[in-house]
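Each chain, letter by letter, is given below.
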Amino acid sequence: DEAHRTLAAASKTRDRLFAWTLWVTGARVSEAIDIRPRDFDAAARALRIRRLKRRGGPVEVVVPGLPEDFCRELATYIELTRPTPTERLFDFNRFRGLRLIRGLMEKAGIPPEYRRGPKGSRVDVKRHPHAWRHGFAINLIAQGKPLDVVKELLGHASILTTHVYSRAIAANTRPFMEATHF
(Lines give C-alpha, C1' and ligand atoms only; values in the text may rest on other atoms or scores of the structure.)
Protein backbone atom coordinates (compact mmCIF):
# COMPACT_ATOMS: atom_id res chain seq x y z
CA ASP A 1 0.00 0.00 0.00
CA GLU A 2 2.79 2.42 0.88
CA ALA A 3 4.47 1.95 -2.50
CA HIS A 4 1.21 2.61 -4.34
CA ARG A 5 0.46 5.68 -2.22
CA THR A 6 3.99 6.95 -2.94
CA LEU A 7 3.56 6.45 -6.69
CA ALA A 8 0.24 8.30 -6.56
CA ALA A 9 1.92 11.22 -4.74
CA ALA A 10 4.29 11.88 -7.66
CA SER A 11 3.25 14.86 -9.78
CA LYS A 12 6.07 14.46 -12.34
CA THR A 13 6.13 11.49 -14.71
CA ARG A 14 9.90 11.15 -14.31
CA ASP A 15 9.63 10.93 -10.51
CA ARG A 16 6.79 8.40 -10.63
CA LEU A 17 8.66 6.28 -13.19
CA PHE A 18 11.81 6.34 -11.08
CA ALA A 19 9.94 5.16 -7.97
CA TRP A 20 7.96 2.65 -10.02
CA THR A 21 11.19 1.27 -11.50
CA LEU A 22 12.53 0.64 -8.01
CA TRP A 23 9.29 -1.10 -7.03
CA VAL A 24 8.91 -3.44 -10.03
CA THR A 25 12.59 -4.33 -10.52
CA GLY A 26 14.12 -4.39 -7.04
CA ALA A 27 16.86 -2.09 -8.32
CA ARG A 28 19.10 -0.10 -6.03
CA VAL A 29 18.94 3.67 -6.62
CA SER A 30 22.31 3.67 -8.41
CA GLU A 31 21.19 0.76 -10.62
CA ALA A 32 17.92 2.48 -11.59
CA ILE A 33 19.76 5.70 -12.40
CA ASP A 34 22.04 3.73 -14.74
CA ILE A 35 19.13 2.49 -16.91
CA ARG A 36 19.27 3.60 -20.54
CA PRO A 37 16.69 3.34 -23.35
CA ARG A 38 18.56 0.41 -24.89
CA ASP A 39 17.93 -1.55 -21.65
CA PHE A 40 14.16 -1.50 -22.18
CA ASP A 41 12.47 -4.14 -24.37
CA ALA A 42 8.86 -2.99 -24.69
CA ALA A 43 7.76 -6.03 -26.70
CA ALA A 44 9.06 -8.44 -24.04
CA ARG A 45 8.02 -6.10 -21.19
CA ALA A 46 11.54 -6.47 -19.82
CA LEU A 47 14.21 -4.22 -18.41
CA ARG A 48 17.93 -4.98 -18.19
CA ILE A 49 19.49 -3.92 -14.90
CA ARG A 50 23.22 -3.82 -14.26
CA ARG A 51 23.49 -5.11 -10.67
CA LEU A 52 26.42 -3.26 -9.16
CA LYS A 53 27.16 -4.96 -5.84
CA ARG A 54 27.95 -8.50 -6.96
CA ARG A 55 31.36 -9.87 -6.05
CA GLY A 56 33.50 -10.27 -9.12
CA GLY A 57 32.03 -7.22 -10.83
CA PRO A 58 28.69 -6.07 -12.21
CA VAL A 59 26.14 -8.60 -13.44
CA GLU A 60 23.37 -7.87 -15.92
CA VAL A 61 19.93 -9.16 -14.98
CA VAL A 62 16.85 -9.00 -17.17
CA VAL A 63 13.65 -8.42 -15.19
CA PRO A 64 10.90 -9.91 -17.40
CA GLY A 65 7.13 -9.67 -17.29
CA LEU A 66 6.91 -6.09 -16.08
CA PRO A 67 3.40 -4.63 -15.64
CA GLU A 68 1.86 -3.46 -18.93
CA ASP A 69 0.92 -0.03 -17.55
CA PHE A 70 4.50 0.51 -16.34
CA CYS A 71 5.87 -0.44 -19.76
CA ARG A 72 3.39 1.82 -21.56
CA GLU A 73 4.32 4.79 -19.38
CA LEU A 74 8.06 4.08 -19.73
CA ALA A 75 7.75 3.83 -23.53
CA THR A 76 5.83 7.12 -23.64
CA TYR A 77 8.42 8.78 -21.39
CA ILE A 78 11.27 7.62 -23.65
CA GLU A 79 9.38 8.82 -26.73
CA LEU A 80 8.72 12.26 -25.22
CA THR A 81 12.16 12.86 -23.69
CA ARG A 82 14.02 11.38 -26.67
CA PRO A 83 17.25 10.33 -24.94
CA THR A 84 19.87 8.67 -27.12
CA PRO A 85 20.11 4.88 -26.62
CA THR A 86 23.12 5.38 -24.35
CA GLU A 87 21.85 8.33 -22.25
CA ARG A 88 20.50 7.64 -18.81
CA LEU A 89 16.71 7.84 -18.39
CA PHE A 90 16.93 9.58 -15.03
CA ASP A 91 19.11 12.70 -15.11
CA PHE A 92 20.15 12.91 -11.47
CA ASN A 93 22.60 11.33 -9.04
CA ARG A 94 21.86 8.76 -6.33
CA PHE A 95 21.62 11.38 -3.59
CA ARG A 96 18.87 13.16 -5.55
CA GLY A 97 17.19 9.78 -6.07
CA LEU A 98 17.25 9.15 -2.32
CA ARG A 99 15.78 12.59 -1.59
CA LEU A 100 13.18 12.12 -4.31
CA ILE A 101 11.85 8.87 -2.78
CA ARG A 102 11.87 10.28 0.74
CA GLY A 103 10.03 13.37 -0.47
CA LEU A 104 7.37 11.33 -2.28
CA MET A 105 6.84 9.13 0.77
CA GLU A 106 6.54 12.20 3.00
CA LYS A 107 4.02 13.70 0.55
CA ALA A 108 2.09 10.40 0.66
CA GLY A 109 1.84 10.72 4.44
CA ILE A 110 4.14 7.82 5.28
CA PRO A 111 5.78 8.51 8.64
CA PRO A 112 9.51 7.98 9.19
CA GLU A 113 10.84 5.09 11.25
CA TYR A 114 14.19 5.84 12.80
CA ARG A 115 16.87 3.39 13.93
CA ARG A 116 20.44 3.94 15.03
CA GLY A 117 22.93 3.63 12.22
CA PRO A 118 26.35 1.97 12.51
CA LYS A 119 27.98 5.21 13.64
CA GLY A 120 25.21 6.15 16.06
CA SER A 121 23.36 8.44 13.65
CA ARG A 122 19.59 8.24 13.20
CA VAL A 123 18.57 6.56 9.97
CA ASP A 124 15.06 6.64 8.51
CA VAL A 125 14.75 2.97 7.50
CA LYS A 126 11.14 3.19 6.37
CA ARG A 127 11.47 6.04 3.88
CA HIS A 128 14.73 4.77 2.40
CA PRO A 129 14.71 3.56 -1.23
CA HIS A 130 16.52 0.37 -0.24
CA ALA A 131 13.38 -0.61 1.70
CA TRP A 132 11.67 -0.82 -1.70
CA ARG A 133 14.23 -3.46 -2.75
CA HIS A 134 13.35 -5.44 0.36
CA GLY A 135 9.65 -4.98 -0.41
CA PHE A 136 10.21 -6.26 -3.95
CA ALA A 137 11.87 -9.43 -2.64
CA ILE A 138 9.31 -10.05 0.10
CA ASN A 139 6.47 -9.48 -2.37
CA LEU A 140 7.87 -12.09 -4.77
CA ILE A 141 8.45 -14.66 -2.03
CA ALA A 142 5.02 -14.06 -0.49
CA GLN A 143 3.50 -14.80 -3.91
CA GLY A 144 5.30 -18.14 -4.03
CA LYS A 145 8.17 -17.30 -6.39
CA PRO A 146 11.15 -19.63 -5.86
CA LEU A 147 14.09 -18.30 -3.84
CA ASP A 148 16.44 -19.12 -6.73
CA VAL A 149 14.47 -16.82 -9.04
CA VAL A 150 14.42 -14.01 -6.45
CA LYS A 151 18.16 -14.50 -5.93
CA GLU A 152 18.84 -14.05 -9.64
CA LEU A 153 16.55 -11.03 -9.98
CA LEU A 154 18.26 -9.30 -7.05
CA GLY A 155 21.72 -10.25 -8.31
CA HIS A 156 22.69 -11.97 -5.07
CA ALA A 157 25.79 -14.14 -5.15
CA SER A 158 24.47 -16.47 -2.45
CA ILE A 159 21.03 -17.95 -1.78
CA LEU A 160 21.70 -17.34 1.91
CA THR A 161 21.50 -13.60 1.31
CA THR A 162 18.10 -14.04 -0.31
CA HIS A 163 16.89 -16.40 2.41
CA VAL A 164 16.78 -13.45 4.84
CA TYR A 165 13.56 -12.35 3.15
CA SER A 166 11.92 -15.71 3.85
CA ARG A 167 12.53 -15.18 7.55
CA ALA A 168 10.79 -11.80 7.36
CA ILE A 169 7.71 -13.52 5.96
CA ALA A 170 7.91 -16.36 8.49
CA ALA A 171 7.67 -13.81 11.30
CA ASN A 172 4.02 -13.30 10.35
CA THR A 173 2.64 -16.83 9.84
CA ARG A 174 -1.02 -16.09 10.65
CA PRO A 175 -2.11 -15.18 7.04
CA PHE A 176 -0.43 -18.32 5.70
CA MET A 177 -2.08 -20.57 8.27
CA GLU A 178 -5.48 -18.98 7.75
CA ALA A 179 -5.20 -19.61 3.99
CA THR A 180 -4.16 -23.24 4.52
CA HIS A 181 -6.76 -25.97 4.19
CA PHE A 182 -6.36 -29.23 6.15
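All of these numbers come straight from a predicted model, not from anything done at the bench.

Further remarks concern the side chain of arginine 50. Locating arginine 50 in the fold gives a position in strand 2 (residues 46–51). Within the structure, the side chain of arginine 50 is placed 3.0 Å from the backbone oxygen of aspartate 34, a separation counted as a polar contact. Of the polar contacts made by the side chain of arginine 50, one reaches the side chain of aspartate 39; its length is 2.8 Å.

Attention now moves to the nonpolar core. Counting residues in hydrophobic clusters, the biggest one holds 45 residues, and the most contacted among them are Phe18, Leu22, Leu47, Phe70, Leu74, Ile101 and Trp132. Those residues within four positions of tryptophan 132 in sequence are excluded, and the remaining contacts are Ala3, Thr6, Leu7, Ala19, Leu22, Trp23, Ile101 and Met105.

Take the pattern of salt bridges next. Summed over the entire model, instances satisfying the criterion amount to 16 salt bridges. Arginine 16 serves as the salt-bridge partner of glutamate 73, at 2.8 Å between the closest nitrogen and oxygen. Here arginine 16 lies in helix 2 (residues 13–25) and glutamate 73 lies in helix 4 (residues 68–81), a separation of 57 residues in the sequence. Measuring nitrogen to oxygen at the nearest pair gives 2.9 Å for the salt bridge that ties glutamate 152 to lysine 151. Owing to a relative accessible area of 13%, lysine 151 belongs among the buried residues under this scheme. In the salt-bridge network here, residues are joined through shared partners; they are Asp34, Arg36, Asp39, Arg48, Arg50 and Glu60.

Cut-off values and rules
- Residues numbered from 1 in each chain as written.
- Predicted model: local features only at pLDDT ≥ 70, side-chain atom pairs only at ≥ 80, totals over all residues.
- Heavy atoms only, no water.
- Helix = DSSP H or I, 4+ residues; strand = E, 2+ residues; numbered from the N terminus.
- Polar contact = N/O pair within 3.5 Å; in protein donor to acceptor, adjacent residues only side chain to side chain.
- Core = buried A, V, L, I, M, F, W, Y, C linked by side-chain atoms within 4.5 Å.
- Buried < 20%, exposed > 50% of the residue type's maximum accessible area, 1.4 Å probe, protein only.
- Contact = heavy atoms within 4.5 Å.
- Salt bridge = Lys/Arg side-chain N within 4 Å of Asp/Glu carboxyl O.

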